[in-house]
Amino acid sequence: MYKNILLPYDFSNSFDNVPEQLEKLVRNEPEHMITVFNVISEGEHADSVQYRRKHLDFIISERAERLEPFLTRLEELGLNYQVEFESGMIKQTILRKINNNNYDVVVMSNKRAKREIKHVLGQVTHKIAKRSNKPVMIVK
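What comes next is a walk through the structure. (Residues numbered from 1 in each chain as written. Predicted model: local features only at pLDDT ≥ 70, side-chain atom pairs only at ≥ 80, totals over all residues. Heavy atoms only, no water.)

**Points about the overall build of the protein**
Move 1: In terms of regular secondary structure, the protein is built from five helices and seven strands.
Move 2: When the helices and strands of the protein are placed in sequence order, the string is β-β-α-β-α-α-β-α-β-β-α-β.
Move 3: Nonlocal contacts in the protein, meaning residues at least 24 apart in sequence, comprise 77% of its contacts between residues at least 6 apart.
Move 4: For the protein, the computed accessible surface area is about 8400 Å², with 46% contributed by carbon and sulfur atoms. (Helix = DSSP H or I, 4+ residues; strand = E, 2+ residues; numbered from the N terminus. Contact = heavy atoms within 4.5 Å. Areas by Shrake-Rupley, 256 points an atom, 1.4 Å probe, with all protein chains shown as cover.)

Set out below in structure tokens:
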């Protein structure tokens, strides 16, 4: 199946259904690697430094802690993963990550953690699906 998977992780979406789909995607591929990738927006980074005196390392450690339940589920399913954080403009940073690496597929969640859905696809999901040079799987 797929060997290298990029999973842009967005804390405003629910990723409850994603681990099982990842397991299906990597079935029979023992050398697979799932890159869980979170982008800290430039605005959030600047606000954290200016108003809360939290620097990037502190923001990353907070987010890593919030990721633990999801990562525990990946471990329970026997999935290989690595976690990466970056600061920048979200859509452009994800697209650059896709274009500069050898991913087989990009997996994104489109299930909002909150029910305030105005569009079928979120703005980031839509742009990544539209502009990616790799297949994009959107999990609801």
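Read on, since the account is not over.
**Here's the deal with the pattern of salt bridges**
Move 1: The full count for this structure, using the stated rule, is four salt bridges.
Move 2: When the shortest N-O distance is used, the salt bridge between R73 and E76 registers 3.2 Å. Separated by three residues within a single helix, R73 and E76 lie in helix α3 (residues 56–76), roughly one turn from each other.
Move 3: Overall, the relative accessible area of 30% leaves R73 in the partly exposed class.
Move 4: Through salt bridges with shared partners, a single network forms among E20, R73 and E76. (Salt bridge = Lys/Arg side-chain N within 4 Å of Asp/Glu carboxyl O. Buried < 20%, exposed > 50% of the residue type's maximum accessible area, 1.4 Å probe, protein only.)

**Here we look at the side chain of R63**
Move 1: Summarising the element assignment, R63 is placed in helix α3.
Move 2: On the basis of relative accessibility, which here comes to 8%, the residue R63 falls in the buried class.
Move 3: In this structure the side chain of R63 is engaged in a polar contact, spanning 2.5 Å, whose partner is the side chain of N38. (Polar contact = N/O pair within 3.5 Å; in protein donor to acceptor, adjacent residues only side chain to side chain.)

**Focus: α3**
Move 1: The end-to-end C-alpha separation of α3 is 29 Å, in line with the 30 Å expected for 21 residues at 1.5 Å each.
Move 2: At E68, α3 shows its maximal kink, close to 45 degrees; a proline, P69, follows between one and four residues later.
Move 3: What α3 keeps buried is the set I59, R63, L67, F70, L71 and L74.
Move 4: Directly beyond the C-terminal end of α3, a positive phi value near 75 degrees is found at G78. (Expected span 1.5 Å × (residues − 1). Bend = angle between axes of the 7 residues up to and from the residue.)

**Brief notes about the sheet that holds strand β7 (residues 136–139)**
Paired through backbone hydrogen bonds, the strands of a sheet run either parallel or antiparallel to each other.
Move 1: Within the open sheet, the five strands sit side by side as β4-β3-β1-β5-β7. Their pairing is parallel. Taken across any chain shown, the strands that pair with only one partner, and hence form the sheet edges, are β4 (81–88) and β7. The mean inter-strand angle of the sheet, taken between neighbouring strand axes irrespective of direction, is 25 degrees.
Move 2: In this fold helix α1 (residues 18–26) packs onto β1 (4–8), β3 (33–41), β5 (105–109) and β7, with an angle of close to 165 degrees to the strand it touches most, β1.
Move 3: Across the sheet, helix α4 (residues 90–99) is in contact with β1, β3, β4 and β5; its angle to β3 comes to roughly 150 degrees. (Pairing = 2+ DSSP bridges. Axes fitted to C-alpha atoms, helices over the stretch in contact; angles between N-to-C directions.)

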